[in-house]
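# Structure at a glance
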Amino acid sequence: MLDAKIPAGSLENKWTDYKGHCKLVNPANKRKLEVIVVGTGLAGASAAATLGELGYKVKAFCFQDSPRRAHSIAAQGGINAAKNYQNDGDSVFRLFYDTIKGGDYRAREANVHRLSEVSGNIIDQCVAQGVPFAREYGGLLSNRSFGGTQVQRTFYAAGQTGQQLLIGAYQGLERQISLGNVTMYSRHEMLDIVMVDGKAQGIIARDLITGKLERHFGHAVLLCTGGYGNVFYLSTNAMGSNVTAAWKAHRKGAAFANPCFTQIHPTCIPVSGDHQSKLTLMSESLRNDGRIWVPLKQGDNRKPTDIPEEERDYYLERRYPAFGNLVPRDVASRAAKERCDAGYGVGTSKQAVYLDYAAAIERYGKIEVSKKGLANATKEEIIVLGKEVVKEKYGNLFDMYQKITGENPYEIPMRIYPAVHYTMGGLWVDYELQTSIKGVYALGEANFSDHGANRLGASALMQGLADGYFVIPYTIGNYLADEIYSKPISTDHPAFVETEKSVSDRIATLKGINGKQSVESFHKRLGKIMWDKCGMARNAQGLTEAIAEIQALKKEFWSDVKIPGGINEMNPELDKANRVADFIELGELMCKDALNRQESCGGHFREEYQTPEGEALRDDANFMYVAAWDYAGDSNWNLQKEPLIYDVIKPSQRNYK
Amino acid sequence: MTWKEVFTSSVGKKLVMSFTGIFLILFLIVHAGLNACIWANDGGTMFNAGAHFMGNNVVPRILEIGLFVGLFLHIIQGLMLEISNRSKRGTNYAVSYSKGSKWYSRSMGLLGTIILIFLVIHLSDFWLPNRAHQGFLLGEEINLYAKMQEEFSELWVVIVYVAGCLSLGYHLAHGFQSAFRTIGVHNKRYNAIFSCLGYGYAIIIPLAFIMMPISFYFHWLN
Amino acid sequence: MEHKNINLTLKVWRQQSTVSKGEFVTYQVKNISQEMSFLEMFDVLNEQLIQEDKEPIAFDHDCREGICGMCSMYIDGKPHGPWQANTTCQLHMRAFNDGDTITVEPWRAQAFPVLKDLVVDRTSFDRIIQAGGYVSVNTGNAVDGNSLPINKNDADASFAAAMCIGCGACVAACKNSSAMLFLSAKVSHLALLPQGDPERQSRVVNMVAQMDKEGFGACTNTGACEATCPKEISLSNIARLNQEYLLASFTSAE
């Protein structure tokens, strides 16, 4: 039975009480304790740096050439914190409440409240590190508003907040490396966890330059390896983002929680052809001024600018008059899919809708005209002035759109379509962020704990840094305090030898298949199955089919994959094959989880469970639980349910009409 | 940080180039100003008076030693930097990158070497015979104006001088602004001022020098 | 928007490992959509090579949205290819015409040894940061974020320098293979903020020393780095570094 180890006491005192009573490790003993950190994004880099500062011996691993490349770097919008600098009524409780509600009541109260409590410290810490957040003319920090909230609590650094925060954490990490507290292993990939007496005691990693397998001992292993959105092949994730480390832990006994909870972001640049390798996000902020529409007529092939106003369907404004174009991500995504499926999509692929700035340009132009006191401005002059304002606000996003599509978004409406962006599910962890394997922890997007069934904008960065800077340094001590009695295990221990052998056997098997189809082609096919049948809308029939198709694909993969190059050398195809093999297994589990969850909530939309108006219909009586899956051999999982208990918040139906 | 560490670092070496470069820029103003006396068109009286002061007064002669030290440092450090920088690429590109910078910015070593060769010729034309005549101490000088007339009656000498001064112009077009960037001028407006000054200087000073042999060759002076 | 499909000849640097000798190999790719990114065109080529039982070309890439700094191709004589303020992953095939021959080389610098084909080792950049590119503040020591107002212009200038993605294009473009633009972006980022003030001297001195040790060349202010930088990091950052260095050398406590 899963025990979330949530401390007793009132919600607002749980974390304080925990910190006051958890076990500590004295400085002399910290030096003897080794911690392995896998992944160096926001969660990993902040955890490795902080544990290094505390005096633990840390080994950090990343598959990229430098820790600074982790995909946290691509986050655009910002990071939330309950600072209430704007005096607009924000508080720790409000941030907690918004996050729980935004997650459609599928997250743990205690974890989310702790996240809100430490959110302010994150901003302080980052400022102290020299993160150049946007500032007002008075020199104080600036805030912007984001979806799903009524206060301004998002801190940002232009459209590159993730980059700036990651660089801050990375610099902290590099400092610890220079001080000798952290050893960095870049271009290394974790391929298995080594277990001794039911506890994690190290990992097997592969040096991606030489292809050699290495054994690394650690008293604890922190998995900070991000999300698994790439199971869909096309997503906004980086090409290298993968589930492998988390999946290895899962196969060694760590439960995988809510795997089907996937966030589909509504404003991405649509797929332009079969060659497409990844999707690019257009910031959510564009929905502040843009209007989303499709033609009223099915299959209308006219140029968007030739379609008159009365023949356009501003479907978000029509369906959700109260929130209009600013409905939450999951709602906006589904509405776009509904229109495209009904045959109203635009562009060559017909899988896109328009995001139109013409009205905003005119509106801003008119404001400029009145500001400047131009009495008889012509329509052209108004448009010119309006374009200047839009350029100042969104110029870099418009430029990016133009680079990718070759179209000028100032003249022609942008084409957008939803794309996989974030995975709320992940390794099951308790309050201490420990997975169901003793000594293995999961931080950041790799765990499942804080976002429920849907994540609010600007909360991913907050969670990654909260876990790394402020949670794990306390909770890991509580575990390691008892580990001071266990001597480091030699890497010649049979457990290391056996685990390494199983890893090298698997690599040899993969390489030995010598089939005909490339790894990429399998990944694409898996992505298509997942997107079609376990994507924005799911149903029992589709999911059942998908499971069968994935099982067949898995068989085909293990009998016909073709991996060129050798084992003991740099071989990106082999690296990819290892990852895709795990994605295939994960895909099956995601479909099973989606099939099991017979309700619609947040990012999980089951077509059978919707209101007459087509909105998500939750079933709190039967599904108010975390679905944690235990691996039980090939294509076999056992479900454990962790009930979600709401002591403070009363779940209600979300309404944006 | 010791001074040794400063001047053996890449930035320190650049500082040496910058300081000596600015020193040489200042020298060129004096040199050009003094030589411009030839255009007084008085048969060299004014020019020779100036030259006599420079060659026969102990202060300029001491400064001359400083000039040689500066020149020497600039040349040696420049050559060493060029050699060291060239060794950092390893394998060369098949297609080289030429769009992002001016050709003369990339060719400071080459331009400097041409100037060095020119300088050897120039010194052995004027400075060396003159100082030899003086016994390398304060003493009787040769008539430098007459010497100029004589030297610049040969076309090939004029061509060598024009080429040398053109190289100097391009060397300065980069060197002037670069020197100020190296000592840390990073303000946008200052940089704009220095780049204007630099281009002006790089045109005016070499042009003045170029006009000297040409003036003699075409007998614009009597 | 009209899109064509084009045929191209690619001359790509192939090198098995750091110690082996490399060479250019010529490939033909056909029917490439101009809507593809440059790296997607490489994906197509690699799939083609796999089907022909040849080894695909190794190249670094990750985010494919111009921010991680992983991609690193030197295309037709310019790092990241012909477009301005752009990374290889954001370069699209619209930049090329049917029948073009494109030469693709790895970053070339002694401090960036080739690992395989177009992949180079850029850990020297990490070691430069280790030498001082940080603020020494342990987690938990921070005062309130708003306790120290920072002039907006300084904060913006600091951000402009901090946008550096550490791709190494500046080194690849520099005739001296100097890392000064990278270095100066970090020095400027921290020198412009009060948080960076206590360590400003040791930072610049140690980072420059590390750059020299790694085998990068010296800066000669040619401006090639600025012209090729995907994030348009300004050359004036180098001048600011020089100033910091000069001040540090005159006021050094030793």
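Cut-offs and rules
Residues numbered from 1 in each chain as written. Chains lettered and ligands numbered in written order. Predicted model: local features only at pLDDT ≥ 70, side-chain atom pairs only at ≥ 80, totals over all residues. Helix = DSSP H or I, 4+ residues; strand = E, 2+ residues; numbered from the N terminus. Buried ≥ 20, exposed ≤ 12 C-beta atoms within 10 Å, placed from the backbone. Contact = placed C-beta atoms within 7 Å. Pairing = 2+ DSSP bridges. Nonpolar A, V, L, I, M, F, W, Y, C, P; charged D, E, K, R; others polar. Core = buried A, V, L, I, M, F, W, Y, C linked by C-beta atoms within 7 Å. pLDDT = per-residue confidence, 0-100. Expected span 1.5 Å × (residues − 1). Axes fitted to C-alpha atoms, helices over the stretch in contact; angles between N-to-C directions. Parallel < 35°, antiparallel > 145°, perpendicular 65-115°, else oblique. Domains from an automatic or database assignment. Right-handed = clockwise from strand over helix to strand, strands pointing away.

## A word on the overall build of chain B
Along its length, chain B carries nine helices and zero strands. Starting at the N terminus, the α and β elements of chain B follow one another as α-α-α-α-α-α-α-α-α. Principal axes of the C-alpha set define a box for chain B whose edges measure 55 × 40 × 35 Å. Across the 222 residues of chain B, 30% fall into the buried class. Contacts in chain B between residues at least 24 apart in sequence constitute 76% of all its contacts with a sequence separation of at least 6.

## Here's the deal with the overall build of chain C
Scanning chain C from terminus to terminus reveals eight helices and seven strands. In chain C, which comprises 254 residues, the share counted as buried stands at 63%. Sequence-distant contacts in chain C: of pairs separated by 6 or more residues, those separated by 24 or more amount to 71%.

## Considering the sheet that holds strand β12 (residues 262-268) of chain A
Residues and elements named next belong to chain A. Across the sheet, which stays open at both edges, the five strands sit in the order β12-β16-β15-β13-β14 with antiparallel pairing between neighbours. What marks the edges here is a single partner per strand, and that holds for β12 and β14 (312-313). As paired strands, strand β15 (residues 353-356) and strand β16 (residues 414-423) are joined by three bridges and run antiparallel to one another. If you follow Val 353 over to β16, its bridge partner there is Ile 416.

## Thoughts on the pairing of strand β22 (residues 637-643) of chain A
Across a regular strand the side chains alternate sides, sitting on one face of the sheet and then on the other. Residues and elements named next belong to chain A. In this sheet, β22 lies alongside strand β21 (residues 625-631) in antiparallel orientation, the contact comprising seven bridges. Bridge pairing links Ala 628 to Gln 640 in β22. Connecting β21 to the next strand, β22, in antiparallel fashion are five residues, including Gly 633 with a positive phi near 95 degrees.

## Considerations on unusual backbone geometry
Residues and elements named next belong to chain C. In the Ramachandran plot, Asn 221 falls in the positive-phi region, its phi being about 55 degrees despite a non-glycine side chain. For Asn 221, the location among the structural elements is in the loop between α6 (200-214) and α7 (224-228). Since 26 C-beta atoms lie within 10 Å of it, Asn 221 is described here as buried.

## Points about the interface of chain C and chain B
Between chain C and chain B, the contact holds 43 residues from the first and 36 residues from the second. Among the elements that make up the side of chain C that touches chain B, the one with the highest residue count is helix α8 (residues 236-251) of chain C (ten residues). Residue composition of the side of chain C that touches chain B, grouped by class: 18 nonpolar, 17 polar and eight charged.

## Some words on the interface of chain A and chain C
Contact with chain A, which involves 64 residues of that partner, is made by 66 residues of chain C. At the level of secondary structure, the elements contributing two or more residues to the side of chain A that touches chain C comprise α3 (42-54), α5 (109-129), α6 (161-178), α11 (379-405), α12 (460-480) and α16 (572-596) of chain A. If you tally residues by element for the side of chain A that touches chain C, the top one is α6(A), at nine residues. A class-by-class count of the residues in the side of chain A that touches chain C yields 23 nonpolar, 25 polar and 16 charged.

## Here we look at the nonpolar core
Ranked by size, the top nonpolar core spans 292 residues in total, and within it A:Val37, A:Val38, A:Leu222, A:Leu223, A:Val353 and A:Leu427 carry the most contacts. With twelve residues, α16(A) is the largest single contributor of residues to this core. With residues up to four places along the chain from it excluded, the contact list for A:Val37 reads A:Gly44, A:Ala47, A:Ala48, A:Val58, A:Ala60, A:Phe61, A:Leu222 and A:Cys224. If you look at the next biggest cluster of nonpolar residues, it comprises 25 residues, including B:Leu144, B:Cys165, B:Ala179 and B:Tyr201.

## Thoughts on the confidence of the model for chain B
Looking at chain B as a whole, its pLDDT mean stands at 94, while 100% of the residues score no less than 70. The secondary-structure element of chain B with the lowest mean pLDDT is helix α1 (residues 3-8) of chain B, recorded at 91, while helix α8 (residues 155-182) of chain B shows the highest, at 97.

## Regarding α3(A)
All names here are of chain A. With 13 residues, α3 should cover 18 Å at 1.5 Å per step; its first-to-last C-alpha distance of 18 Å lies within 8% of that length. Within α3, 13 of the 13 residues are buried, which leaves it mostly tucked inside the rest of the structure. Gly 55 occupies a position one or two residues after α3 and carries a positive phi of about 115 degrees.

## Overview of the arrangement of the chains
If you rank the two pairs of chains in contact by how many contacts each has, first place goes to chains A and C. For the non-touching pair chain A and chain B, the nearest C-alpha separation works out to 20 Å.

## Some points on the sheet that holds strand β18 (residues 440-442) of chain A
Residue and element names in this part refer to chain A. Read across the open sheet, the five strands follow the order β6-β2-β1-β10-β18; overall the sheet is parallel. The outermost strands of the open sheet, each flanked by one partner alone, are β6 (182-185) and β18. Taking each pair of neighbouring strands and ignoring which way they run, the sheet shows an average axis angle of 20 degrees. Sheet topology note: the strand β1 (residues 34-38)/strand β2 (residues 57-61) ladder contains five bridges and is parallel. Residue pairing in the sheet places Val 37 in a bridge with Ala 60 of β2. Relative to the sheet, α12 contacts β10 (220-223) and β18, its axis offset from that of β10 by approximately 150 degrees.

## Digging into the environment of C:Gly66
Residue and element names in this part refer to chain C. Among the structural elements, Gly 66 can be located in the loop between α1 (38-51) and β3 (74-75). For Gly 66, a count of 24 C-beta atoms within 10 Å puts it in the buried group. Between the C-alpha atom of Gly 66 and that of Ser 136, which follows or precedes it by 70 residues, the distance is 29 Å.

## Section: the packing of helix α14 (residues 519-533) of chain A against helix α15 (residues 540-560) of chain A
To characterise two packed helices, one gives the angle between the axes of the helices and the distance between these axes. All names here are of chain A. Taken N-terminus to C-terminus, the directions of α14 and α15 make an angle of 175 degrees; their axes are 9 Å apart at the nearest point. Relative to α15, the element α14 lies roughly antiparallel. Contact residues: α14 offers Phe 522, Arg 525, Leu 526, Ile 529 and Lys 533, while α15 offers Gly 542, Leu 543, Glu 545, Ala 546, Glu 549, Ile 550, Leu 553 and Phe 557. Taken together, the residues of the contact of α14 with α15 break down into eight nonpolar, one polar and four charged.

## Details of the domain arrangement of chain C
Residues and elements named next belong to chain C. Partitioning chain C into structural domains gives domain 1 (5-116) and domain 2 (123-251). Each of domain 1 and domain 2 was reduced to a C-alpha centroid, and the two centroids are 29 Å apart. With 18 residues of domain 1 at the contact, the number on the domain 2 side is 16 residues.

## Observations concerning the pairing of β2(A)
Residues and elements named next belong to chain A. Where burial is concerned, most of β2 is hidden: five out of the five residues are buried. In the classification by handedness, the crossover that spans β1, the intervening α3 and the parallel β2 is right-handed. By the bridge criterion, four bridges tie β2 to β6 in an arrangement that is parallel. If you follow Lys 59 over to β6, its bridge partner there is Thr 183.

## Considering α8(C)
A turn of α-helix holds 3.6 residues, and therefore any two residues three or four places apart point the same way. An ideal rise of 1.5 Å per residue puts 22 Å on 16 residues; α8(C) measures up with 23 Å between its terminal C-alpha atoms. Among all positions of α8(C), only C:Ser236, C:Asn237, C:Ile238, C:Ala239, C:Arg240, C:Leu241, C:Asn242, C:Gln243, C:Glu244, C:Tyr245 and C:Ser249 are buried.

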